[in-house]
Amino acid sequence: MRIVTAKDYDQMSRKASYIVASRVILNPKCVLGLATGDTPKGLYNELVRLFRAGDVDFSGVTTFNLDEYAGLSPENPQSYHSYMEEHLFRHINIPPEHRHIPNGAAQNIGAECRRYEELIEQAHGIDLQILGLGRDGHIGFNEPDVKFEKGTHHVRLTQSTIEANARFFENRDEVPKSAISMGIKTIMSARRILLLASGSEKAEAIRGAVMGAVTPDLPASVLQLHPNATLIVDEAASAEIMRIK
Ligand code: F6R
């Protein structure tokens, strides 16, 4: 894994935006894998800035989001559909028919997972997958003890993820208990991976992901096996790896 260090969250976001923008400039029809959560918000702001400056055109780009809560309709303000609309889609020019997010409101979740995998295949896979990192080392909603061989699937969220995500909801009881998520197999099939991590609460997971054994107990550790994975990490999140180095 290539490790790029950044001073702080803002610099991490800028460096990430240059990597994403350069992919789109080099291949205007590229397929991007997108994440939600706090981590990529700065990256999305920077991409909007580059778009407004006329430096990047997203009209040929296709996107696939990593995940969506089960049971939330796309219109629900807490859904990842709403998040993407607010932080990225409404500000740039990716055509609506090119944007894909699992449908959390699907009646048949299994069929929705299969449909999503097929769509990714039809798009010839993901060129660049952006990832955030959970405090427990999860990527997407692939929680510790995940099966590495899974494609898009229905996941039960762990208590620690429910608690971490409660900040986005009015109260903890509103946090959905399950989600649809790309699996490790889907993520590892992306041609390039860009993992972002900021803040001291990610330092332990970063240590495991970069220096620990490759194990389902820390899902992000599998990225050590990816041939083209880059981590951009700020000073706080890299504290544990710098101490050991
Ligand atoms: C989001 C996702 C999650 C987050 C992770 C970190 O689509 O799949 O894996 O990337 O939970 O969340 P933040 O960035 O809020 O710390």
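Before going into details, it helps to say that this report is about the structure given with it. (Residues numbered from 1 in each chain as written. Predicted model: local features only at pLDDT ≥ 70, side-chain atom pairs only at ≥ 80, totals over all residues. Heavy atoms only, no water.)

**Remarks on the packing of aromatic side chains**
How we decide: The criterion for an aromatic pair is that two Phe, Tyr or Trp rings (for Trp, the six-membered ring) have centres within 6.5 Å, with stacked assigned to planes under 30 degrees apart, edge-to-face to planes over 60 apart and tilted to the rest. Think of it this way: any DSSP run of H or I at least four residues long counts as a helix, any run of E at least two long counts as a strand, and we number them from the N terminus. When accessible area is computed with a 1.4 Å probe and restricted to protein chains, residues below 20% of their type maximum are described as buried, those above 50% as exposed, and intermediate ones as partly exposed.
Applying the stated criterion to the full structure yields seven aromatic pairs. A ring pair is formed by Tyr44 and Tyr83, whose centres lie 6.5 Å apart and whose planes are at 75 degrees; its orientation type is edge-to-face. Here Tyr44, found in helix 2 (residues 41-52), pairs with Tyr83, found in helix 3 (residues 80-87); they are 39 residues apart in sequence, far enough to count as distant. Given a relative accessible area of 10%, Tyr83 falls into the buried group. Note on Tyr69 and Tyr80: the rings are 4.9 Å apart at their centroids and 45 degrees apart in plane angle, and the pair reads as tilted. In this pair, Tyr69 sits in strand 4 (residues 67-69) while Tyr80 sits in helix 3, placing the two residues eleven residues apart along the sequence. When its relative accessible area of 1% is taken as the criterion, Tyr69 is described as buried.

**Looking at the sheet that holds strand 7 (residues 153-156)**
Remark on secondary structure: sheet strands pair via backbone hydrogen bonds, oriented parallel or antiparallel. Under the convention used in this document: Here the rule is simple: two strands pair whenever DSSP picks up at least two bridges between them. Simply put, an axis is a line fit to the C-alpha atoms, just over the touching stretch for a helix, and the angle between two N-to-C directions goes from 0 to 180 degrees.
A sheet is described by the order of its strands in space; here three strands give the open sequence 4-8-7, paired in antiparallel fashion. Every interior strand has two partners, whereas the edge strands, strand 4 and strand 7, have only one. For this sheet the average axis-to-axis angle between neighbouring strands, irrespective of direction, equals 25 degrees. As defined by bridge partners, strand 7 adjoins strand 8 (residues 178-181) across four bridges and the pair is classed as antiparallel. Each residue of the ladder has a partner; that of Val155, found in strand 8, is Ala179.

**Concerning the site of the ligand**
For clarity, the cut-off: If a single non-hydrogen atom of a residue is within 4 Å of a molecule or strand, that residue counts as near it. Two N or O atoms count as a polar contact when they lie within 3.5 Å, although within protein this holds only if one can serve as hydrogen donor and the other as acceptor, and sequence-adjacent residues are included solely when both atoms are side-chain atoms. Where accessible areas are quoted, they stem from the Shrake-Rupley method and a 1.4 Å probe; at the residue level, only the protein chains shown are allowed to cover. In the scheme used here, Gly and all other residues not listed as nonpolar or charged are polar, with Ala, Val, Leu, Ile, Met, Phe, Trp, Tyr, Cys and Pro taken as nonpolar and Asp, Glu, Lys and Arg as charged.
Near the ligand lie 15 residues; those nearest to it are Thr39, Asp67, His138, Gly140 and Lys202. The separation between an oxygen atom of the ligand and a polar main-chain atom of Gly140 is 2.6 Å. Relative to its free-state accessible area of 410 Å², the ligand is covered by the protein chains to the extent of 93%. Among the residues forming the shell around the ligand, the class breakdown is four nonpolar, seven polar and four charged.

**Details of the packing of helix 2 against helix 3**
Note the following rule: Here is the rule for angles: anything less than 35 degrees is roughly parallel, anything more than 145 is roughly antiparallel, 65 through 115 is roughly perpendicular, and the remaining ranges are oblique. Residue contacts are defined here by distance: any two heavy atoms, one from each residue, within 4.5 Å place the two residues in contact.
For the pair helix 2 and helix 3, interaxial distance at closest approach is 10 Å and the crossing angle is 40 degrees. Relative to helix 3, the element helix 2 lies oblique. Contacts between helix 2 and helix 3 involve Lys41, Tyr44 and Val48 on the former and, on the latter, Tyr83, Met84 and His87. When the residues that make up the contact of helix 2 with helix 3 are grouped by side-chain class, the tally is four nonpolar, one polar and one charged.

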